[in-house]
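# Coordinate analysis (summary)
One letter stands for each residue in the lines below.
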Amino acid sequence: MKTPAYAAPSAKSPLAPFTVERREPGAHDVQIDIRYCGVCHSDIHQVRDEWGGSKFPMVPGHEIVGIVSRVGSHVSKWKVGDAVGVGCFVDSCRACEACREGEEQFCAEGMSATYNSFERKPGGGLDTTRPTYGGYSSRITVDENYVLRIPEGMPLDRAAPLLCAGITTYSPLRHFGVKAGDKVAVVGLGGLGHMAVKIAKAMGAHVTVLSHSTGKREDAQRLGADDFLVTKDAAVFKQNAGRFDFILDTVSAQHDYNDYLGLLRRDGTMVLVGVPDPTPVHAFSLIGGRKRLAGSLIGGIRETQEMLDFCAAHHVAADIELIPIQKINDAYERMIKGDVRYRFVIDIASLGQPV
Ligand code: NAP
Ligand code: ZN
Ligand code: ZN
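Predicted model, so just to flag it, every value in this text is computed and none were measured.

With 92 residues, the main nonpolar core has Y136, I199 and I328 as its most contacted residues. When residues of this core are assigned to their parent elements, the largest contribution, 6 residues, is made by helix α5 (residues 191-202). Split by domain, the residues of this core number at least three in each of domain 1 (2-164 + 318-352) and domain 2 (166-295). Once residues lying within four places of it in the same chain are set aside, the contact partners of I328 are Y6, L15, V39, Y136, I323 and I346.

Here you go:
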């Protein structure tokens with residue numbers, strides 16, 4: 001099936017129109033007509049090969065929402081017309097300890113990521129002759145077990161960013177046991193950060209935003225934050241030392257983790273989800289106060305569904321700016337400058353109809 005898309009031909013060139021060949025749905029596959037796709041900073045990192053090993057041509061996009069348009073003969077979970085989502089991976093081994101525990105993102109074989117990766121071979125392992133292509137396209141075919149249900153009533157465009165930004169922030173808040181009354185700091189108010197504020201607030205936490213931008217204070221309060229601190233002012237780190245139980249760091253650019261660890265209370269935890277260039281961590285930043293520095297990677301299918309249902313129950317969805325696909329290169333530049341409130345979402349209708 002020839003499907004219109006946008007691709008980066010190489011790390012140095014802008015995205016441009018491209019055609020992908022989607023597989024015909026197999027017995028366990030669903031075909032999804034994509035309506036919206038969020039633009040994650042990970043798309044930019046990978047398009048620009050900032051993590052190494054990027055595969056081109058690359059069709060990015062892992063915040064996918066659409067409507068089921070065909071189902072394979074053995075599909076039991078979905079029917080034509082269902083509103084569904086696809087996140088950061090489309091397959092995994094299903095047999096390793098992580099997969100059995102519903103944490104497919106840590107699959108021992110390596111998950112089949114939605115783009116910049118390969119489809120799985122029927123017998124196991126990734127098939128390097130079959131690249132995966134993401135949601136900057138009008139249609140995708142996915143195994144029914146890697147598809148999420150968009151709760152009824154949730155606007156589809158504002159739901160799209162939940163498939164990555166939502167789960168990436170929900171998962172560590174849950175895993176590390178953030179609870180009502182906890183003092184939580186969110187570092188960086190971007191796509192992930194603004195979801196973190198909304199979700200932590202819905203969990204009952206007292207939420208502070210730590211931002212390097214001076215102009216986001218009112219937005220932070222509107223999103224639900226109780227406090228807002230500008231980290232350009234070095235005095236902030238002294239004045240707030242030992243204040244937080246939990247810090248979620250969503251920043252995409254290099255910054256000094258040691259400064260932020262100083263803001264944790266005794267036995268506090270700081271979790272990295274942002275992926276900037278490496279920065280040294282001093283042992284003393286952790287030793288004094290028995291602090292923990294951890295990381296977290298998206299979330300499994302079961303937890304992603306739990307997050308979607310949690311967001312629906314708490315009336316949480318992303319704040320978005322809807323763009324046509326033709327504006328994607330400009331959107332990347334604006335994201336790097338921090339000029340987005342707070343997630344670009346591509347209106348896939350702008351790609352034209354699949355043939
Ligand atoms: P984004 O929308 O561009 O937001 C990043 C935020 O970081 C900005 O809004 C800004 O917030 C802050 N920031 C940017 N440049 C900065 C600088 N020079 N110094 C200090 N702060 C700066 O990006 P995103 O889509 O939320 O993604 C954030 C990071 O998470 C990326 O590295 C992405 O690859 C990663 N990510 C990880 C996972 C995972 O599973 N772990 C999943 C998705 C994304 P302020 O203006 O408020 O400072
Ligand atoms: Zn992402
Ligand atoms: Zn596995």
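Right, picking up where we left off after that structure.
This brings us to the domain arrangement of the protein. The domain boundaries assigned to the protein delineate domain 1 (2-164 + 318-352) and domain 2 (166-295). In this structure, domain 1 and domain 2 have C-alpha centres spaced 28 Å apart. Listed as interface residues are 14 residues of domain 1 and, on the opposing side, 17 residues of domain 2. Of the roughly 1300 Å² buried between domain 1 and domain 2, counting both surfaces, carbon and sulfur atoms make up 50%.

Strands sit in the order β14-β13-β12-β15-β16-β17 across an open sheet of 6 strands; the sheet is parallel. Of all the strands in the sheet, the pair left with one neighbour each is β14 (227-230) and β17 (292-295). On average, each strand axis in the sheet is inclined to that of its neighbour by 20°, with strand direction left out of account. Bridging between strand β15 (residues 244-249) and strand β16 (residues 264-272) involves 5 bridges; their strand directions are parallel. Bridge assignment links I247 to a residue of β16, and that residue is M270. Lying on the sheet, helix α4 (residues 165-175) is in contact with β12 (183-187), β15 and β16; it crosses β15 at an angle near 155°.

Okay, the coordination of the zinc ion (ligand 3) next. Those protein atoms acting as donors to the zinc ion (ligand 3) are C93 (SG), C96 (SG), C99 (SG) and C107 (SG), and they sit at 2.3 to 2.4 Å. Coordination geometry of the zinc ion (ligand 3): the 4 donor atoms subtend angles of 104 to 120° at the metal centre, consistent with an arrangement described as tetrahedral. Site description for the zinc ion (ligand 3): donor spacing in sequence, C-x2-C-x2-C-x7-C. Judged on exposure class, the residue C99 and its partner C107 are both buried.

Protein-derived coordination of the zinc ion (ligand 2) comes from C40 (SG), H62 (NE2) and C164 (SG), at a distance range of 2.0 to 2.3 Å. Site description for the zinc ion (ligand 2): donor spacing in sequence, C-x21-H-x101-C. Here H62 lies in the loop between α1 (41-47) and β4 (64-71) and C40 lies in the loop between β3 (29-38) and α1, a separation of 22 residues in the sequence.

About the criteria used
- Residues numbered from 1 in each chain as written.
- Chains lettered and ligands numbered in written order.
- Predicted model: local features only at pLDDT ≥ 70, side-chain atom pairs only at ≥ 80, totals over all residues.
- Heavy atoms only, no water.
- Core = buried A, V, L, I, M, F, W, Y, C linked by side-chain atoms within 4.5 Å.
- Buried < 20%, exposed > 50% of the residue type's maximum accessible area, 1.4 Å probe, protein only.
- Helix = DSSP H or I, 4+ residues; strand = E, 2+ residues; numbered from the N terminus.
- Domains from an automatic or database assignment.
- Contact = heavy atoms within 4.5 Å.
- Buried area = accessible area lost by both parts, 1.4 Å probe.
- Pairing = 2+ DSSP bridges.
- Axes fitted to C-alpha atoms, helices over the stretch in contact; angles between N-to-C directions.
- Donors = N, O, S within 2.8 Å, 3.2 Å for Na, K, Ca; no water.
- Tetrahedral: all angles 85-135°; square planar, octahedral: opposite > 155°, others 65-115°.

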